[in-house]
Every structure is written in structure tokens, then in C-alpha cells.
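Analysis of the macromolecular model
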Amino acid sequence: MRSSRPHIAILVANLPAERDRRVIRESLALEASGYDVTIIAPRGDRSLRILPGSRGTRLRPYPVFVYGSGVLSFALEFAWSFLCITVRLLGELLRGRAHAVQVCNPPDVYWPLALLFRALGRPWVFDHHDLCPEIYATRSGGSPNPLVFRLLTTMEWLTLRSASAVFATNESFRENAVRRGVAPERVTVVRNGPAAGEIRSATPAPAATGHRIVYLGVLGPQDNVEGAVLAAGVLTRLRPARDWRLVIAGDGESMPALRKLVADRGLGDVVEFTGWLEGTEVDDLLRTGTVAIQPDEPTRMNELSTMAKTVEYLARGLPVVAVDLIETRRSAGAAAVYVPHGTPEEFAAAIADLLDDAPRRARMAEIGRDRFAHQLAWEHQRVAYVDVWHRLLARRRPTTAEPGTARPAVAGEGATPVTSPADAPEPRR
């Protein structure tokens, strides 16, 4: 029996649905507000047909045989994903679903489908996860091929301009969309970050032996995790007692190089790799940390990006040491110590100072938790996210929908725990 609820199809090309924590939170918010949801994404767990933790969000996965690492392989991967997503999306349309579509990048190649759906009178929303031209420039060592960079910029422009509405993950992304010609009223900031209900702040953290300096996230070339390892090497000379450890939680293509760097520098006794952690393990690690490090370098992409790991740190009251980047400062404020260039020496000196100053760490922890509770928690982002869909689907909106403008619950005020997002590894940065 066909549901009478409005149906939204969400398209994801770079991750299985059960690993994209932003998409999980968005899907749960839509379900709670009276919408049906289908996610079309690369195949992950073959046994899944329904999004874990949801009431009935359908998964329509497709196989991926090519993973991009260079221009040609990326082109093949994106062409395949475009074909698979198109076939499945048209199937949803023919079955009377897909009353509206949300597409998540990368890549920025789905604008032809946007033109088709908008011609049919169906909203097409772009959820802007990453700045693809800037990612390419960073991965090219700052010397991108001008033709490729121009092509990526054009594709981003087409993607932004063909959308009915745009979700930007921060103010810099919003400014980028407006600069590309999108009307300001069509761009809504919906930040990344955990829900208050995912943070087990009510229970005391287990005691840790010595200080823990924590990195959480993807281990990719653009993440500069080697900078954190080199900072640990400098810190061994500043604190010879070695009453600390650097814990690197995550995985990615740079893992083999990082392990070799640790071995070559003789840092195996102070650097620990955990691999991917499940939600409760992430929570336990961050709540037993002393200081968190965000080693991202001052590239244009990093200046304009909000690092998901930073919001995770703030949610647990973990002081942050980071390069002074535009969006990092907008997120963390005084809950972080900022270094100008991100050299290992700068990071090591800033971390050493914090390890010796418990009162300062306590003040920063309080600031971080306050910023999370009152600004950054998903409960606040959810209001703006759902309101856009209520506006776009006003004619189809269910009469029983939960109001999008309800005051969000925050930690300590009855927030409902959300299990699925916390159980999936953070996909991006």
C-alpha cells in the first residue's frame, strides 16, 4: 500500500548510507516530521534494507567497482555513480515516490537530474558537504591543473544554480553559494555535529592514565595527521617525563605512511592508533582526553570548512589546539588555542602549555560545552533543516508533521538519545 506521506529521496555518492552521520541525522529528522525517506547510496552492509535506528527509511544501494585516486579514476567512479543513481532515482519516480530530492556532494555532477525534476515541478535540494574545487587543489599539492579546476568550478556553479534550495554546512559555504549567484534566501546554514542526546555527559568519565592528546577523524592526505605525529616528536623533548600519549582514532589512506613515520621516528611508545571506533568508544575516548589536536593546514579548503571532529571535541568539553582558520574560530571560539602556521613546533608548544595549565583547560572545556549546547548541537540545526522541507513541500506536507520550529532539546533538557549516528564512523574530516 502506497504511503500518503510526502517522500524525499536522498542521493549520496561517496559513502554507504549507514556511515554518513549527517545523512543519518537528516533522515531521522525527516521521519520525525512526517516524511518518508529513501537513500540511494553506495553499497555497504549487504544485509541492510532499512537505515539502522530509523522507523522505515529505505536503502537503495548500488555496487561500486572503481574508487577514485586520480583524475581518470575519479571520473570513472563518478560516471558509474551517476548512472546507478539515475536508474534508481527514476525507478523511485515511476513508483510514485521521490516527491522531492536531496543530493549530497561530492561529486557535483547531478545537475542534469536537477533540471529534469524541477521541470516536473519537484523540489531539488543541494546539501553542500564539500568544496570540490578546493579539495582537488589541496590534493594536488596547491598546483592544480587549471582546466580541471575550472571544470570543477563550473560543475559546482551548475549544481548550486540548478537547486531549488541549498543547505550550507557553515557561513563560508553560504557565502560561496551567494557568490556563485544563488539568492541568499535560498541558502540555509545547517551545520555538522552530533546531537545532544548522543553525548553521555551525565556519567563521569573513567580515569585515564596520564594525559591523552586526541585526534579523531579521517586519515587522509589533506588531513595532515602526520603533523600531529611530528608534533608528538617535538613534545617528547619538551616533556621528557612522557606523562602523555597521542591517541589517533580513525582510518584512511594515510594509515600505512603514518605507521611508518611513527616507527622511523621511534615514537611507538607515545603514539597509539585505535582504528575506527564505534559510537560509545568515541565518547569514552573523548571524555578521557586532556587536549584535542586539529592539525589541518591553512589551505583555502580548510579555511572555509568546518571540521566535524572539532564539534565532537567541543561537545565533550575537550580543549582544542588548531591552526587559526576562519571556520574553526567561528565554531570553537575561546574553546581553542590557535597557532599561526601549524608547524610541529607550534603545536607542541601550545599543547605543552595546556598540559601544564589545568585551570585554563577547565575554562576552555566549559566554553566548548556551552557553545555546543546553545549553538552547534544537531537539535538546533534540525530546526532550520526541517523548516526548509516544510516550505518546499507545503502542498504535500502531512497534517501530523512535527513542527520544525519547536524549541530543540539540549543536553540535560530531555534530549532523546540517537543511537545510529553515534554508531557510525565520522565520514569526513
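See above for the structure.
Attention in this report is confined to the structure presented alongside it. (Residues numbered from 1 in each chain as written. Predicted model: local features only at pLDDT ≥ 70, side-chain atom pairs only at ≥ 80, totals over all residues. Heavy atoms only, no water.)

Focus on the environment of V386
With respect to the helices and strands, the residue V386 is situated in helix 15 (residues 378-392). On the basis of relative accessible area, V386 is assigned to the buried category, the value being 0%. The sequence separation of V386 and E26 amounts to 360 residues, and the corresponding C-alpha distance is 8.5 Å. (Helix = DSSP H or I, 4+ residues; strand = E, 2+ residues; numbered from the N terminus. Buried < 20%, exposed > 50% of the residue type's maximum accessible area, 1.4 Å probe, protein only.)

Side note on the side chain of E156
Following the sequence through the fold, E156 ends up in helix 5 (residues 146-161). Classification of E156 as buried rests on a relative accessible area of 0%. The contact partners of E156, leaving out residues within four places of it in the chain, are D108, H128, L131, C132, P133, N176 and R180. (Contact = heavy atoms within 4.5 Å.)

Re helix 4 (residues 132-139)
The buried count for helix 4 comes to six of eight residues, which makes it a mostly enclosed element. Every buried residue belonging to helix 4 is among C132, P133, E134, I135, Y136 and A137, and all of these are buried. In this fold, the buried residues of helix 4 make contact with helix 2 (71-94), helix 5 and helix 10 (300-304).

Quick look at the environment of D324
For D324, the location among the structural elements is in the loop between strand 12 (320-323) and helix 12 (326-332). By relative accessible area, D324 is classed as partly exposed at 33%. Expressed as a C-alpha distance, the spacing of D324 and A336, which sit twelve residues apart in the sequence, is 9.3 Å. In this structure, D324 is in contact with E303, R329, Y338 and V339, ignoring residues within four places of it in sequence. One polar contact links D324 to R329, side chain to side chain, over a distance of 2.9 Å. (Polar contact = N/O pair within 3.5 Å; in protein donor to acceptor, adjacent residues only side chain to side chain.)

These figures capture arrangement, not role.
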